[in-house]
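If you want the building blocks of each chain, they are given just below.
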Amino acid sequence: MKTVRTDVLVIGTGFGAAAPALRLAQAGASVVMIEKGPKLQTADFRQTSDPKYILKYLKGISGDHLRLTYAEALGGGSGFYEMVSLRAPTLAFEQLDEAGRLLWPAGVDRPALDPYYALAERMLHVAQIPIEEVPKTGLVFAQLMKNLGLSVDRCRYAVRGCQGSGFCVTGCVYGAKQSLFLNYLPQAVAAGANIETDLEALAIQPIGGIRWRRGCALRELPYRYRVTARRRGGSGDLIVFVARVVILGGGTVGTAKLLSASRPYLPLLSEHVGRNIAYNGSVKVAALLPDGMPDADMFTGRTHPGMVSYQFLGSHGITVHAVKALPLMLVSAAHLGLHGDFWGAKNVELMRQVRHRMIILDAFGLTPPGGALQVVAGDATMSLPLTARLRAYHAETKRLLESILERNGCRMV
């Protein structure tokens, strides 16, 4: 069994892993990153809705009332997200739990994070979308909001030279979307970091019987952790990493599963691992545009519609935007029907209108972090209790979105 010693072992290569790996490597530490998923570069992406391609990189965990989607690939979700890059509003850091305590630690707020937001935005080339590049879906959404005297704003994206192909969520074949393998990760390698893909961490085990001085420099720390990893596919060889510091950057699902598997070696592991999971509180409604609105090709342009409304952030704790869904998403996720005639002539006519006449509104909300991940024998399931507070949030948000559409003369679907 091969053993590798390093100052820092970073588990994962996504947004939670790339920044610390780069900065520690630049500071002179020896850094190894391990990624469960495959190596990935721009040439590997495809403009397709082929499930076999999508499921190669995107994984999901379902359960009661909540589903999590995540990526397993070099760069984590950065290759497949919609490249929206917004700073969390002050309101997000003021959320309280049921006991009236702040959800965020003291001192972690918008003013404290602003310098680091600015640094990340420079690294990822974040900029507001130009007016002339706003997709037609976003223009229709903006018009609907303007008709009611409601505000919208152009969104900010991590992108350089967008071609507007509309396949952001399957990976940008033009290298325009600033996935992490275009910036943080190659810079980390240039600074001396080593990245291993197709390598899954199995367990973290502290090395007992050692002492160190609190506040000492990294190189003065002893080697404190032993992490066993396995090659995926092929030989399935085991590799042991011995590190002074281990950084868990494998995402919500990956990190919780790894810590759960390591519980026999971590007697002080918190019972809250896998609990209190936050989610985007998504509520969607769909309608057909009124006859007075011109046709708009809802599938063209970048995946995100380009416009977002903060009109109801203070009053309802939500942002509102339109949705540009790939045909695969509509078929697999949307429950569309007229008068219960799901496969009949009325629904066939509805699907003919989807591309040019349908508008879908989506609200993201500051919902309480109530999700829970259960891991049994390596298999994970999700759960989300439907509390009275959550039911009220869903009902009120749905009513608000429907009101926007109905007051514009749209016909609800």
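Overview of the structure. (Residues numbered from 1 in each chain as written. Predicted model: local features only at pLDDT ≥ 70, side-chain atom pairs only at ≥ 80, totals over all residues. Heavy atoms only, no water.)

**Structural notes on the sheet that holds strand 12 (residues 283–288)**
Sheet strands associate in pairs through backbone hydrogen bonding, adopting either a parallel or an antiparallel arrangement.
Move 1: Overall, antiparallel pairing links the 4 strands, which are arranged 14-15-12-18 in an open sheet. Here the strands that pair on one side only, and so sit at the sheet edges, are strand 14 (318–322) and strand 18 (411–412).
Move 2: Where strand 12 meets strand 15 (residues 358–365), 6 bridges bridge the pair, whose relative direction is antiparallel. Along strand 15, the bridge assignment pairs V285 with L361.
Move 3: Most of the contacts of helix 10 (residues 388–407) go to strand 12, to which it runs at about 25°, and overall it touches strand 12, strand 14, strand 15 and strand 18. (Pairing = 2+ DSSP bridges. Helix = DSSP H or I, 4+ residues; strand = E, 2+ residues; numbered from the N terminus. Contact = heavy atoms within 4.5 Å. Axes fitted to C-alpha atoms, helices over the stretch in contact; angles between N-to-C directions.)

**Remarks on the nonpolar core**
Move 1: With 87 residues, the main nonpolar core has V31, I359 and L361 as its most contacted residues.
Move 2: For this core, the element with the most residues is helix 10, which contributes 6 residues.
Move 3: In this structure, I359 is in contact with T137, V140, L144, V285, A286, A287, L289, M298, A322 and L405, ignoring residues within four places of it in sequence.
Move 4: Counting residues in each nonpolar core, the second largest holds 14 residues, with V32, A201, I204 and F241 among its members. (Core = buried A, V, L, I, M, F, W, Y, C linked by side-chain atoms within 4.5 Å. Buried < 20%, exposed > 50% of the residue type's maximum accessible area, 1.4 Å probe, protein only.)

**Digging into the pairing of strand 12**
Move 1: Most of strand 12 sits out of view: 5 of its 6 residues are buried.
Move 2: As defined by bridge partners, strand 12 adjoins strand 18 across 2 bridges and the pair is classed as antiparallel. Residue pairing for strand 18: A287 is matched across the bridge by M412.

**Thoughts on the packing of aromatic side chains**
Move 1: Applying the stated rule across the entire model yields 6 aromatic pairs.
Move 2: Arranged with centres 5.6 Å apart and planes meeting at 75°, the rings of Y53 and Y57 form a pair that is edge-to-face. Separated by 4 residues within a single helix, Y53 and Y57 lie in helix 2 (residues 51–57), roughly one turn from each other.
Move 3: On the accessibility criterion, Y53 (6% relative accessible area) is buried.
Move 4: Look at Y57 and you get buried, because its relative accessible area is 3%.
Move 5: For R5, the ring lying beneath its charged end belongs to Y223, and the centroid distance is 5.0 Å.
Move 6: Sitting over the face of the ring of W212, R224 holds its NZ or CZ atom 4.8 Å from the ring centroid. (Phe/Tyr/Trp six-rings, centres within 6.5 Å; stacked < 30°, edge-to-face > 60°. Lys NZ or Arg CZ within 6 Å of the ring centre and 35° of its normal.)

**Quick look at the sheet that holds strand 16 (residues 372–376)**
Move 1: Across the sheet, which stays open at both edges, the 4 strands sit in the order 4-3-17-16 with mixed pairing between neighbours. On the outer flanks of this sheet lie strand 4 (67–71) and strand 16, each paired with one strand and no other. Between one strand and the next, the sheet's axes are offset by a mean angle of 30°, whatever the strand orientation.
Move 2: Two strands pair when backbone bridges link them, and strand 3 (residues 58–64) and strand 4 are joined in this way by 5 bridges, in the antiparallel orientation. Its bridge partner being in strand 4, K59 is matched across the sheet by Y70.

**As for empty space enclosed by the protein**
Move 1: Evaluated as defined, the whole model comprises 2 cavities of 30 Å³ or more.
Move 2: As a volume, the largest cavity reaches approximately 90 Å³.
Move 3: Grouping the constituent residues of the lining of the largest cavity by class yields 9 nonpolar, 6 polar and 2 charged. (1 Å grid on protein atoms, 1.4 Å probe; cavity = no way out; pocket = protein on both sides within 12 Å on 5 of 7 lines; lining within 4 Å. Points joined across faces, edges and corners; volume = space filled by probe spheres on them. Nonpolar A, V, L, I, M, F, W, Y, C, P; charged D, E, K, R; others polar.)

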